[in-house]
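Read off the chains here:
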Amino acid sequence: IGYLLAYIGSGVAATLFFAFFMSDSEVPLVGASGAISGVLGIYFLWFPRNRVRTFVFLFPFIMTTFMIPARWVLGFYLLVDNLVPFLISGGGAGSGVAHGAHIGGFVAGLGLAAGADRLPGAWRQHRDRASVSRGVEPGDGPEAVSRLIGEGEVRRAAQLYGAIEGRQKRLQVSAAEVVAMGNALLGAGDHERALALFRRFIAERPSDPLLDRAYLGAGKAMIHRHRQITSAYHYFLAALDVARSKEVAEEARMHLRAIERLGER
C-alpha cells in the first residue's frame, strides 16, 4: 500500500510539474515514466551504497562490465538525460519526451523518501519532549543523558536524547553512549525507538568510527518491521561495507546469510 501511494503520488507530482511549464501544450501526456522516476528518487535516497552492474561497449577497446554506484547512474539519468534537455528545449517543448515529468517525479520521490525517514522521528521527538520525566528537563541536555546512562536508566536517557533540540547539542553525547542506548532499546524490544536513534546516528555522524555498529543496529531494528526485510538487508550490507572490526563484519554476514536463506525458502 505504501509503495502504491508513493507511486501514485509521484505520478501526480510529475504531471503537475510538467503542466506548470507546458500549460499551453495541446499534446496529451501519456505514460508512467513520471511515477517510475519518483521510485528512482526514493531509491536514490534510501540506498546510497548500492551498486549496479553496467555493461560498457566501446568496440574494440572496452567490452566489459563495471560495478558503478547507483547514485552515479541515477544522477546521470536526472542531470544528463533530463535536466539538460529540459533546459535546452525550454521545458521540453517539441522534444516528444516529458523531461519535466521525469524531473518532477524524481524530486517528489526524494521528498517522499525524506519525509518517510524524518516525520516519524520528528513525531517521536515531539512526544519525548512532552513526556520527559520530572526532574530531567530537555534543557539539561547531554550531561543529563550521560548521567542517566551511568545510573542504568538507559530508556530515560534515550527518551531525553530524543528530546534534545539541535544537532550540535546531540553530538555532545558520545557515539559510544548513543550506540549503547540503541542496543539497550533493541534488547528491551523497543525496535521503533532504536531504529529512530540509529538512523539519526547515521545521518548526523557519517564519519564516526562506530558507524558500522549504527548500521548493524538499524538492520537489527528494521528486521522486526513488517515487510521491511529488504531494507534490513541493505543496512547489513552497509555495516559490512564500513565494518571496522571482525566482530561487526561477522555479525552482518550472519544476518545477510539468514535473510538470503529466508528468500530461498
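Further up the page is the structure itself.
Fair warning: this is a prediction, and the values are worked out from it, not measured in the lab.

This structure, assessed with the given rule, holds 8 salt bridges. The salt bridge involving Arg 147 is made with Glu 151; its shortest N-O contact spans 3.7 Å. Across the salt bridge formed by Glu 247 and Arg 213, the nearest N and O atoms sit 3.5 Å from each other. Of this pair, Glu 247 sits in helix H12 (residues 246-264) while Arg 213 sits in helix H10 (residues 211-222); the two residues are 34 residues apart in sequence, bridging distant segments of the chain. Residue class for Arg 213 comes out partly exposed when judged on its relative accessible area of 29%. Among the charged side chains, a salt-bridge network with shared partners connects Arg 155, Asp 190 and Arg 193.

Two numbers describe how helix H8 (residues 175-187) lies on helix H9 (residues 191-204): the axes approach to 8 Å, and their chain directions differ by 155 degrees. Here H8 lies roughly antiparallel to H9, going by the angle between them. Along this stretch, H8 crosses H9, giving a crossing that reads as left-handed. Counting all contacts with H8, which are made through Ala 175, Val 178, Val 179, Met 181, Gly 182, Asn 183, Leu 185 and Leu 186, the residues of H9 involved are His 191, Arg 193, Ala 194, Leu 197, Phe 198 and Phe 201. Looking at the contact of H8 with H9 residue by residue, the classes come out as 10 nonpolar, 3 polar and 1 charged.

Closest axis-to-axis distance for the H9/H10 pair is 8 Å, and the angle between their directions is 150 degrees. With respect to H10, the element H9 is oriented roughly antiparallel. The way H9 lies across H10 gives a crossing that is left-handed. Within the contact between the two elements, H9 uses His 191, Ala 194, Leu 195, Phe 198, Arg 199, Phe 201 and Ile 202 and H10 uses Leu 211, Arg 213, Ala 214, Tyr 215, Gly 217, Ala 218, Ala 221 and Met 222. Of the residues in the contact of H9 with H10, the class split is 11 nonpolar, 2 polar and 2 charged.

Quick look at the nonpolar core now. Counting 37 residues, the largest nonpolar core has Val 145, Tyr 161, Met 181 and Leu 197 as the members making the most contacts within it. Of all elements in the fold, only helix H5 (141-150), helix H6 (154-163), H8, H9, H10, helix H11 (229-242) and H12 reach the threshold of two or more residues within this core. Here this core takes 7 residues from H10, the largest share from any one element. Beyond its immediate sequence surroundings of up to four residues, Tyr 161 is in contact with Val 145, Arg 170, Val 173, Val 178, Met 181, Leu 197, Arg 200, Glu 204 and Arg 205. Formed by 6 residues, the second largest nonpolar core is a distinct cluster that contains Leu 74, Tyr 77, Phe 86 and Phe 106.

Here we take up the packing of aromatic side chains. What describes a pair of aromatic rings is the distance from one ring centre to the other and the angle between the planes of the rings. Applying the stated rule across the entire model yields 9 aromatic pairs. Measuring from centroid to centroid gives 6.0 Å for Phe 44 and Phe 106, while their planes differ by 65 degrees, and the two rings are edge-to-face. With Phe 44 in helix H2 (residues 33-46) and Phe 106 in helix H4 (residues 99-131), this pair connects stretches of sequence that are 62 residues apart. For Phe 44, a relative accessible area of 22% translates into the label partly exposed. A relative accessible area of 2% places Phe 106 in the buried class. Counting every residue linked through ring pairs, the aromatic cluster contains Phe 17, Phe 20, Phe 21 and Phe 86. Sitting over the ring of Phe 44, Arg 71 keeps its end group 4.6 Å from the ring centre.

Rules behind the numbers
Residues numbered from 1 in each chain as written. Predicted model: local features only at pLDDT ≥ 70, side-chain atom pairs only at ≥ 80, totals over all residues. Heavy atoms only, no water. Salt bridge = Lys/Arg side-chain N within 4 Å of Asp/Glu carboxyl O. Helix = DSSP H or I, 4+ residues; strand = E, 2+ residues; numbered from the N terminus. Buried < 20%, exposed > 50% of the residue type's maximum accessible area, 1.4 Å probe, protein only. Axes fitted to C-alpha atoms, helices over the stretch in contact; angles between N-to-C directions. Parallel < 35°, antiparallel > 145°, perpendicular 65-115°, else oblique. Left-handed = near helix turned anticlockwise from the far one by under 90°. Contact = heavy atoms within 4.5 Å. Nonpolar A, V, L, I, M, F, W, Y, C, P; charged D, E, K, R; others polar. Core = buried A, V, L, I, M, F, W, Y, C linked by side-chain atoms within 4.5 Å. Phe/Tyr/Trp six-rings, centres within 6.5 Å; stacked < 30°, edge-to-face > 60°. Lys NZ or Arg CZ within 6 Å of the ring centre and 35° of its normal.

Worth remembering: the numbers are spatial, not functional.
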